[in-house]
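Results of the structural survey
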Amino acid sequence: MSLTFHWFLPTYGDSRHIVGGGHGLPAGAAGGQRPADLGYLSQIGRAAEQLGFVGALTPTGAWCEDAWLTTAMLARETERLKFLVAFRPGFVAPTLAAQMAATFQRHAPGRLLLNVVTGGESHEQRAYGDFLDKESRYARTGEFLHIVGELWRGETVSFAGEHLQVENARLARVPDPVPPVYFGGSSPAAGEVAARHSDVYLTWGEPPAQVAEKVAWIRSLAAEQGRTVRFGIRLHVITRDTAEQAWAEARRLLDGFSDEAVKAVQTGLARSESEGQRRMLALHGGDRDGLEVSPNLWAGVGLVRGGAGTALVGSHAEVAERITEYHRLGIDEFIMSGHPHVEEAYWFGEGVLPLLAGAGLWTHPSAPATAAQHGTGVPFAAGVKP
């Protein structure tokens, strides 16, 4: 199977420095010198499309623009790129969400992927009128995905659950194709929902040993349900022609964080209810030292950003080797990002993807199969000096 790569749309702004946002951070905490207008986001989308990324993740939260509206507009600015739209089940009725997906697939055929976000922060959920606790939110997500799944199969649905209820719900038109469901979470409640309903289980970029444990955990839970699940990982990336250049860029980004900014962000993130966020924080403990937590895996991003807090840093060959290592653990989809998102897309797309193509691990989604894309047996180090 060819690996699948997605890029990221920073709908909260972009910069040559790390822009914050995510778990535990208030609305308005993000932002950058490059506003997240349609012109700039279109540049990112077209670059990702040209380079061979299949889709682009669009985040959800009070700190960014709405993902559904933004991607619907960007679909007209791109030709092939799919949109991994993050959304929260508690904010949209299941029948309406199922209908929205069908409409999206009709007007942008086959270009919708769904990232279901249960919502890890009660204070933010309450701002939207959702007062359930975390465990109840996961239970509601399970009910939501059950209803949506039946609607997408063309069934008439009557359902009375603990949190959701519909009567004689039916879609005039089912989505074609049905969008795959991407889902992440590190708590036991999240694992149960992922095993029952997700097509792709997502993890943030933890060290390989921890990722292997997650893959085995979800695989076992899914097997109990008679299902199989694919696996993906969310990472930032800093890749350059040499390792020295890549680590110099990481140091430049790190030097852009003031101690006061790090302390303020870490104080906010420490209040997070997310188990995944807790695991991200444990990788660095708020300390600038010892940030390479595994070979080429740098936890510096998480000092000033919630959510995904690690980056692959190194030469193109080293980054390709780390991706291959994660792939051996069962990871087939990679959601990458870098600051700024136009330039870093080109560093990765022109530096790393050709090495993976040469190793037979990746094929450009719009290119016909060739001998080179199916593998030449050339090791990574032969193409780019680590």
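For the structure, check the block above.
Before going into details, it helps to say that this report is about the structure given with it. (Residues numbered from 1 in each chain as written. Predicted model: local features only at pLDDT ≥ 70, side-chain atom pairs only at ≥ 80, totals over all residues. Heavy atoms only, no water.)

1. Notes on the overall build of the chain
Here is the rule: Secondary structure is summarised from DSSP: a helix means a run of H or I of at least four residues, a strand means a run of E of at least two, and numbering begins at the N terminus for each. Computation of the radius of gyration draws on C-alpha atoms, with the globule rule given as 2.2 Å multiplied by the number of residues to the power 0.38. For every residue, the accessible area (1.4 Å probe, protein chains only) is compared with the maximum for its type, and the residue is labelled buried under 20%, exposed over 50%, or partly exposed between those bounds. Surface exposure here means Shrake-Rupley accessible area, sampled with a 1.4 Å probe, where a residue is shielded only by the protein chains that are shown. Only four residue types enter the charge count, namely Lys and Arg as positive and Asp and Glu as negative; His and the chain termini do not. A single reference atom marks each charge: NZ on Lys, CZ on Arg, CG on Asp, CD on Glu.
Looking only at helices and strands, one finds 14 helices and 13 strands in the chain. In terms of overall dimensions, the chain is globule-like: its C-alpha atoms have a radius of gyration of 20 Å, near the 21 Å expected for 386 residues. If one aligns the C-alpha atoms of the chain with their principal axes, the spans along those axes are about 60 × 50 × 45 Å. Burial status across the chain gives 59% buried among its 386 residues. Accessible surface computed for the chain: about 15700 Å², of which carbon and sulfur atoms make up 51%. Here the chain carries 34 positive and 42 negative side-chain charges, and the mean point of each set is 3 Å from the other.

2. A closer look at the nonpolar core
Spelled out, the test is: In plain words, nonpolar cores are sets of buried Ala, Val, Leu, Ile, Met, Phe, Trp, Tyr and Cys residues tied together by side-chain atoms within 4.5 Å. Note on contacts: a residue pair qualifies if any of its non-hydrogen atoms lie within 4.5 Å across the two residues.
Formed by 78 residues in total, the largest nonpolar core has its most connected members in F5, I323 and F348. Top contributing element to this core by residue count: helix α5 (residues 134-152), with 7 residues. Not counting the four nearest positions on each side in its chain, F5 is found in contact with F53, V54, G55, I323, F334, M336, F348, L353, L356 and W362. Among the nonpolar cores identified, the runner-up in size contains 20 residues, and A243, L253, L254 and V304 belong to it.

3. What to know about the pattern of salt bridges
The cut-off we apply is this: By salt bridge we mean one thing: a side-chain nitrogen of Lys or Arg within 4 Å of a carboxyl oxygen of Asp or Glu.
This structure, assessed with the given rule, holds 15 salt bridges. Put simply, R34 and E343 hold a salt bridge, and the shortest N to O gap is 2.9 Å. Placement of R34 in the loop between β1 (4-8) and α1 (38-51) and of E343 in helix α12 (residues 341-351) is noted, with a sequence separation of 309 residues between them. The partner of R137 in a salt bridge is E273, with the nearest N and O atoms 3.6 Å apart. Of this pair, R137 sits in helix α5 while E273 sits in the loop between α9 (259-269) and α10 (275-284); the two residues are 136 residues apart in sequence, bridging distant segments of the chain.

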